[in-house]
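# Fold and geometry: a report
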Amino acid sequence: QVQLVESGGGLVQPGGSLRLSCAASGSIFSINTMGWYRQAPGKERELVAAITTGGSTNYADSVKGRFTISRDNAKNMVYLQMNSLKPEDTAVYYCNAVIGSRGTYFAPWGQGTQVTVSS
């Protein structure tokens with residue numbers, strides 16, 4: 001009924017930038033907190049950044065000052081601007097959101113987009 005689709009991943013050199021996008025679609029009544037997570041090989045999925053409907057944000061300590069999360073409520077989209085990328089940022093990045101639909105709430109995951117930081 002509702003789904004999230006990420007885009008914007010790729011290969012980038014250390015110090016470079018990437019911008020991830022995530023679009024929510026389906027029978028959407030409301031979208032509450034939206035966030036980006038990542039999972040590196042052999043590691044657990046971790047929260048990278050989250051943003052509320054009102055625009056309040058929180059970040060993992062490892063990305064503070066380098067990553068910026070934003071959202072466009074009219075377009076049901078969330079973005080992650082990633083600057084000064086490091087090899088340790090390499091991971092599959094997933095979008096997640098709390099979505100109100102048909103009288104209930106869903107928290108779907110996107111399919112993920114690979115980010116590789118390497119020279």
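Scroll up a little and you will see the structure.
The shown structure was predicted, so the numbers you read here are calculated from the model rather than taken from an experiment.

### Brief notes about the pattern of salt bridges
Considering all chains together, one arrives at four salt bridges under this definition. With a shortest N-O distance of 2.7 Å, glutamate 46 and arginine 38 are connected by a salt bridge. The class of glutamate 46 is partly exposed, set by a relative accessible area of 35%. With its nearest N and O atoms 3.0 Å apart, the salt bridge here joins aspartate 89 to arginine 38.

### Some points on the pairing of strand 5 (residues 46-51)
For strand 4 (residues 30-39) and strand 5, the ladder comprises five bridges, and the chain directions are antiparallel. Paired with tryptophan 36 across the bridge in strand 5 is alanine 49. Where strand 4 folds back on strand 5, the antiparallel hairpin that results is connected by six residues, among which glycine 42 adopts a positive phi of roughly 80°. With three bridges connecting them, strand 5 and strand 6 (residues 57-59) associate as antiparallel partners. Across the sheet, alanine 50 pairs through a bridge with asparagine 58, a residue of strand 6. Joining the antiparallel neighbours strand 5 and strand 6 is a turn of five residues, in which glycine 55 adopts a positive phi near 100°.

### Looking at the pairing of strand 7 (residues 67-72)
Residue alternation in strand 7 divides its side chains into a buried set, Phe67, Ile69 and Arg71, and an unburied set, Thr68, Ser70 and Asp72. Pairing analysis gives six bridges linking strand 7 to strand 8 (residues 77-82), with the strands arranged antiparallel. Its bridge partner lying in strand 8, aspartate 72 is registered against methionine 77. Joining the antiparallel neighbours strand 7 and strand 8 is a turn of four residues, in which asparagine 76 adopts a positive phi near 55°.

What counts, and where the lines are drawn
- Positions within a chain are numbered from 1, following the residues in the order the chain's sequence is written.
- In keeping with the model being predicted, local features are shown solely for residues with a pLDDT of at least 70 and side-chain atom pairs are shown and tallied solely at 80 or more, while totals for entire chains, interfaces and linings include all residues.
- With hydrogens and water set aside, each side-chain value is computed from the structure's full complement of heavy atoms.
- By convention in these notes, a salt bridge is any Lys or Arg side-chain nitrogen within 4 Å of a carboxyl oxygen on Asp or Glu.
- Burial classes follow relative accessibility: with a 1.4 Å probe on protein chains only, a residue under 20% of its type's maximum area counts as buried, one over 50% as exposed, and anything between as partly exposed.
- By this definition, two strands are paired if DSSP reports at least two bridges between them.
- Helix and strand labels come from DSSP, where a helix needs a run of H or I of at least four residues and a strand needs a run of E of at least two; each type is numbered from the N terminus.

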